[in-house]
Amino acid sequence: MNKKIIPLTGDQAVAEAMRQIEPDVVAAYPITPQTEIVMTFSQFVADGRVKTEMIPVESEHSAMSACVGSAAAGARTMTATSANGLALMWEIVYIAASMRLPIVMPVVNRALSGPINIHCDHSDTMGARDSGWIQIYAESGREAYEHAILAVRIAEHSGINLPVMVCQDGFITSHSVEGVELFDDAAVKKFIGEYKPNMTTLLDVDNPVTYGPIDLQDFYFEHKRQQTEAMKNAIDIIPGIMNEFNKAFSRDLKIVEEYMMDDAEASIVVFSSTAGTAKFVVDSLRAKGVKAGLVRPCLFRPFPKEYIIKALSKVKIAAVLDRADSFSGCGGPVFSEIRSAMYEAKQKPELINYIFGLGGRDIFPNDIEAVYKDMSGILKTGKISNRVNYIGVRE
Amino acid sequence: MANIKELSKLPERLGPGHRLCSGCGASIVARQVLLGAGNSALVAGCATGCFEVATTIYPYTAWKVPFIHNAFENAAATMSGVETAYRSLKKQGKIKKDIKFVTFGGDGGTYDIGLQSLSGALERGHNFVYVCYDNGAYMNTGIQRSGATPTGASTTTAPAGKVSSGKPQLRKDLTAIVAAHRIPYVAQCSISNWNDLVTKSQKAFDAKGPAFLNVMALCHRGWRFPQENGVAIAKTAVDTCFWPLYEIENGKKYKINYTPKEKKPITEWLKLQGRFKHLFKPGNEEILKSIQQDVDDEWEYLLKRSAL
Ligand SMILES: Cc1ncc(C[n+]2csc(CCOP(=O)(O)OP(=O)(O)O)c2C)c(N)n1
Ligand code: SF4
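Residues numbered from 1 in each chain as written. Chains lettered and ligands numbered in written order. Predicted model: local features only at pLDDT ≥ 70, side-chain atom pairs only at ≥ 80, totals over all residues. Heavy atoms only, no water.

1. A few points about the overall build of chain B
Then comes step 1: Check the secondary structure of chain B and you find 12 helices and eight strands.
Then comes step 2: By the compact-globule yardstick of 19 Å for 308 residues, chain B fits well, its C-alpha radius of gyration being 19 Å.
Then comes step 3: Per-residue burial over chain B gives 58% buried out of 308 residues.
Then comes step 4: Sequence-distant contacts in chain B: of pairs separated by 6 or more residues, those separated by 24 or more amount to 70%.
Then comes step 5: When the accessible surface of chain B is split by element, carbon and sulfur atoms take 55% of a total near 12,700 Å². (Helix = DSSP H or I, 4+ residues; strand = E, 2+ residues; numbered from the N terminus. Rg over C-alpha atoms; globule rule 2.2 N^0.38 Å. Buried < 20%, exposed > 50% of the residue type's maximum accessible area, 1.4 Å probe, protein only. Contact = heavy atoms within 4.5 Å. Areas by Shrake-Rupley, 256 points an atom, 1.4 Å probe, with all protein chains shown as cover.)

See below:
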């Protein structure tokens, strides 16, 4: 395969993935920091480089609504959004999942209003975590590109048939330029294959089906149960698809990445781009002989429980870094899930939580180093003064 | 002009066995509109409301054509997606058949919460027919006022009371709002004039681009009349010029399709319905007068527009 590494922003990289996927329909509405995806892709359409029909809708609510219509009609369908756009879609995001429509949606993570803020945190997608969508989080623009391609196969797998959000960090990876290796168009086409819907579609007029009926006490529960089952299937099916991807494109995507975890004593768990900064800190700590490690889940829905247990059972203490608060008073959303998962583990590390980076507040290597320092202090004294902590906020 | 013998041979797209109230206007609207599609292959949709919940109670469906309901306010956006998917797949040769698209929405889902989605879809020019079955209130949630509720009607959120005489505001002129999008075809119709309605539906399905039908539908629960009187009440709405029958091509060319020989006073229509009963109590003469004035003004305006 020809190696083609070109400088691209994370948004452009995702737009390139969309060009290679060449969905039948894209319905989208601009919102910073996702806008560049839609703009770049619109140019591909305008230049006739893809056969896609674009629907330049008047709102995100209609974007997701049109995606539901399009996907139910049997077209390979995509959209993209951020923050308030995702919030405006919310009602239909649930409906898309309940209809089991394999829509793929890049989400460039941005803080949810209010107050209004355009920079990165994960409050938008964490808010949609129970909507029944699969969620994948990328560390880099390059990985967001790869995830977009991978997501098509995940969404359309007959054992899954669920929509997928492909998340990356607003501005941090969506707007900074990095060298992205673009795969051959043909190789991508081959990997995703021709779309064959797993369900009877609306355009099959000889076999009429009713999408979105009213579902009362007698069936709603069963249908929700089936959605859970699809998520359970997904956690078993995704590794196979990932392996295929890794083989096809010489990659090493993982559901949960473990960095320096073999002999680590203290570990940080963090999603997306902050993991890159944390790896840098782990390297410098390791050079000083500190047994630091890092765990980076790529998947949040379905929740990779077994992977987390396996990774964290190795350490004495772990700090979960959340880029969103849940206002529960008990920590962020990722922390809650990880703490809950670890309840089943035979070997339970001490777990602490740090909320950071809300509204795009920078996090620096020093901040991360301080977290490792806190952990080694706890290991020494056995005392935790605060279970939930905040990094870099004026209090 | 539709011929009733020919129409009777067309396929039933909305089967019996739905659970709308007997005498509900919505199903009459749908059946007459669907006749306008002739034998064409068809995909239908609907906004949340009485019509949707009563025709699709899982695991049953009254729909004999592919059907989609998404949510309350997005029937137009949803059908935009279906129609675009069709265009995309057709262009790629993956679909051979010619298919037409229609979606229904109540007045709530169209005049109010769904107006943005409708406007967007019309502006983008999707090739589908949007049918508003206007029963003048949110019936499915229990007769709440909507932007289509006529002045003076008593609803559960604008009830007549000791100091209130029902909905104080004018109803929204949705037909004009839609026409302002300059789409190929817009028409106002009533189930009482079936031939006019079926003919207009045919035109709507034949239009190249979006078409919109605003159809007076009846709800005896919300309007408070004996269920068998529906069509007669619709006829009175037309004959009082409360609900004129007209069409608009490309947003400009207005044509009145029916002029009553003798325009009846609006009280003829109001007195048939319980929701206006309070207006006939002493002291409300001024309200009745102003309702009549509004109807006259609108009719005059329409006559002028159509003479242009
Ligand atoms: C976002 C949202 N808000 C409110 C509702 C509740 N709701 C369902 S149907 C309906 C009223 C429908 O009224 P209309 O469109 O006039 O149709 P009808 O019931 O009269 O047939 C309402 C308010 C909803 N389903 N979704
Ligand atoms: S309540 Fe009214 S609109 Fe609803 S089904 Fe009954 S008659 Fe029809």
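2. Re the overall build of chain A
Then comes step 1: When helices and strands are counted, chain A shows 12 helices and 16 strands.
Then comes step 2: In summary, chain A has a C-alpha radius of gyration of 21 Å against a globular reference of 21 Å for 395 residues, a match within 12%.
Then comes step 3: The C-alpha extent of chain A, read off along each of the three principal axes, is 70 × 55 × 45 Å.
Then comes step 4: Every one of the 395 residues in chain A was classed for burial, and the buried ones make up 59%.
Then comes step 5: Restricting to contacts in chain A with at least 6 residues of sequence separation, those with at least 24 account for 80%.
Then comes step 6: Summed over all atoms, the accessible surface of chain A reaches about 15,600 Å², with 53% contributed by carbon and sulfur.
Then comes step 7: The positive charge centre, built from 40 side chains, and the negative charge centre, built from 49, are 7 Å apart in chain A. (Lys, Arg positive; Asp, Glu negative; His and termini not counted. Charge placed at Lys NZ, Arg CZ, Asp CG, Glu CD.)

3. Focus: the pairing of strand β1 (residues 41-46) of chain B
Residues and elements named next belong to chain B.
Then comes step 1: Where burial is concerned, most of β1 is hidden: six out of the six residues are buried.
Then comes step 2: Where burial is concerned, the two faces of β1 agree: the one with A41, V43 and G45 and the one with L42, A44 and C46 are both buried.
Then comes step 3: Judged from the six bridges that link them, β1 and strand β3 (residues 99-106) form a sheet pairing that is parallel. Bridging from a neighbouring strand, A41 pairs with I99 of β3.
Then comes step 4: Pairing of β1 with strand β2 (residues 67-69) involves three bridges; the strand directions are parallel. In the strand pairing of β2, C46 is matched with H69.
Then comes step 5: Read as a crossover between parallel neighbours, the route from β1 over helix α3 (residues 50-55) to β2 is right-handed. (Pairing = 2+ DSSP bridges. Right-handed = clockwise from strand over helix to strand, strands pointing away.)

4. Let's talk about unusual backbone geometry
All names here are of chain A.
Then comes step 1: Cis geometry marks the peptide bond from T32 to P33; its omega dihedral reads -5°.
Then comes step 2: Tracing the sequence through the fold places P33 in the loop between β2 (25-28) and α2 (35-46).
Then comes step 3: At the junction of S113 and G114, the peptide bond is cis and its omega measures out at 5° in the coordinates.
Then comes step 4: Mapped onto the secondary structure, G114 falls in the loop between β5 (104-109) and α5 (123-127).
Then comes step 5: Positioned with a positive phi, R100 is a non-glycine residue whose angle comes to about 60°.

5. Looking at the interface of chain A and chain B
Then comes step 1: On the chain B side, the residues contacting the 41 residues of chain A number 44 residues.
Then comes step 2: In total, about 3,200 Å² of surface goes out of reach between chain A and chain B, with carbon and sulfur atoms giving 63% of it.
Then comes step 3: Applying the counting criterion to the chain A and chain B interface returns four salt bridges.
Then comes step 4: Taken together, the connections running from chain A to chain B amount to 18 residue pairs in polar contact (both at pLDDT 80 or more).
Then comes step 5: Counting only elements with at least two residues in the side of chain A that touches chain B, the list comes to β3 (53-56), α3 (60-72), α4 (83-98) and β9 (210-211) of chain A.
Then comes step 6: Ranked by residue count, the leading element in the side of chain A that touches chain B is α3(A), at eight residues.
Then comes step 7: For the side of chain A that touches chain B, the per-class residue count stands at 22 nonpolar, 10 polar and nine charged.
Then comes step 8: When β9(A) meets β2(B), the two strands line up parallel, connected through two bridges. Opposite A:Y211, over in β2(B), you have B:I68 as the bridge partner. (Buried area = accessible area lost by both parts, 1.4 Å probe. Salt bridge = Lys/Arg side-chain N within 4 Å of Asp/Glu carboxyl O. Polar contact = N/O pair within 3.5 Å; in protein donor to acceptor, adjacent residues only side chain to side chain. Nonpolar A, V, L, I, M, F, W, Y, C, P; charged D, E, K, R; others polar.)

6. Looking at the environment of B:R87
Then comes step 1: Summarising the element assignment, B:R87 is placed in helix α4 (residues 75-91).
Then comes step 2: Spatially, the C-alpha atoms of B:R87 and B:Q32 are 27 Å apart, while their sequence positions differ by 55 residues.
Then comes step 3: Apart from residues no more than four positions distant in its own chain, B:R87 is found in contact with A:E53 and B:H126.

7. Concerning the site of ligand 1
Then comes step 1: What surrounds ligand 1 is a group of 18 residues, the closest being B:G108, B:G109, B:Y133, B:A137 and B:N140.
Then comes step 2: Surrounding ligand 1 are residues belonging to chains A and B, so the site spans chains.
Then comes step 3: At 3.2 Å, a side-chain N or O of B:D107 approaches an oxygen atom of ligand 1.
Then comes step 4: The separation between an oxygen atom of ligand 1 and a polar main-chain atom of B:N140 is 2.8 Å.
Then comes step 5: In terms of residue count, helix α5 (residues 107-112) of chain B provides more of the shell around ligand 1 than any other element does, three residues in total.
Then comes step 6: Taken together, the residues of the shell around ligand 1 break down into seven nonpolar, eight polar and three charged. (Near = heavy atom within 4 Å.)

8. A closer look at the site of ligand 2
Then comes step 1: Around ligand 2, the surrounding shell consists of B:L20, B:C21, B:C24, B:C50, B:N135, B:M139, B:C219 and B:R221.
Then comes step 2: Residue composition of the shell around ligand 2, grouped by class: six nonpolar, one polar and one charged.

9. Section: the confidence of the model for chain A
Then comes step 1: Mean pLDDT over chain A works out to 97, with 99% of the residues at or above the 70 mark.
Then comes step 2: When pLDDT is averaged over each helix and strand of chain A, the minimum, 95, is found for strand β1 (residues 4-9) of chain A and the maximum, 99, for α3(A). (pLDDT = per-residue confidence, 0-100.)

10. Looking at helix α12 (residues 365-381) of chain A
All names here are of chain A.
Then comes step 1: The end-to-end C-alpha distance of α12, which contains 17 residues, comes to 24 Å, matching closely the 24 Å that a straight helix rising 1.5 Å per residue would cover.
Then comes step 2: Buried residues of α12: I368, V371, Y372, M375 and I378, and no others. Projection of α12 onto a plane perpendicular to its axis shows the buried side chains occupying an angular sector of 115°, all on one side. Exposed residues lying more than 90 degrees from the buried face of α12 are N366, K373, K380 and T381.
Then comes step 3: Following α12 by one or two positions, G382 has its phi on the positive side, about 75°. (Expected span 1.5 Å × (residues − 1). Arc of directions from axis to C-beta.)

11. A closer look at the environment of A:R301
Residues and elements named next belong to chain A.
Then comes step 1: Tracing the chain through its elements places R301 in strand β13 (residues 299-301).
Then comes step 2: Note on R301: relative accessible area 11%, which makes it buried.
Then comes step 3: Along the primary structure R301 and K232 are separated by 69 residues, whereas in three dimensions their C-alpha atoms are 9.8 Å apart.
Then comes step 4: Polar side-chain contacts of R301 include one of 3.0 Å to the backbone oxygen of R129.
Then comes step 5: Of the polar contacts made by the side chain of R301, one reaches the side chain of E337; its length is 2.6 Å.

12. Some words on the side chain of A:D322
Residue and element names in this part refer to chain A.
Then comes step 1: When you line up the elements, D322 lands in strand β14 (residues 317-322).
Then comes step 2: Of the buried charged residues, D322 lacks a salt bridge, with R129 as the closest side chain of opposite charge at 7.9 Å.
Then comes step 3: A polar side-chain atom of D322 sits 2.9 Å from the main-chain amide nitrogen of F335.
Then comes step 4: Within polar-contact distance, the side chain of D322 engages the side chain of N353 at 3.2 Å.
Then comes step 5: Filtering out sequence-adjacent residues up to four positions away, D322 remains in contact with G332, P333, V334, F335, N353, Y354, I355 and F356.

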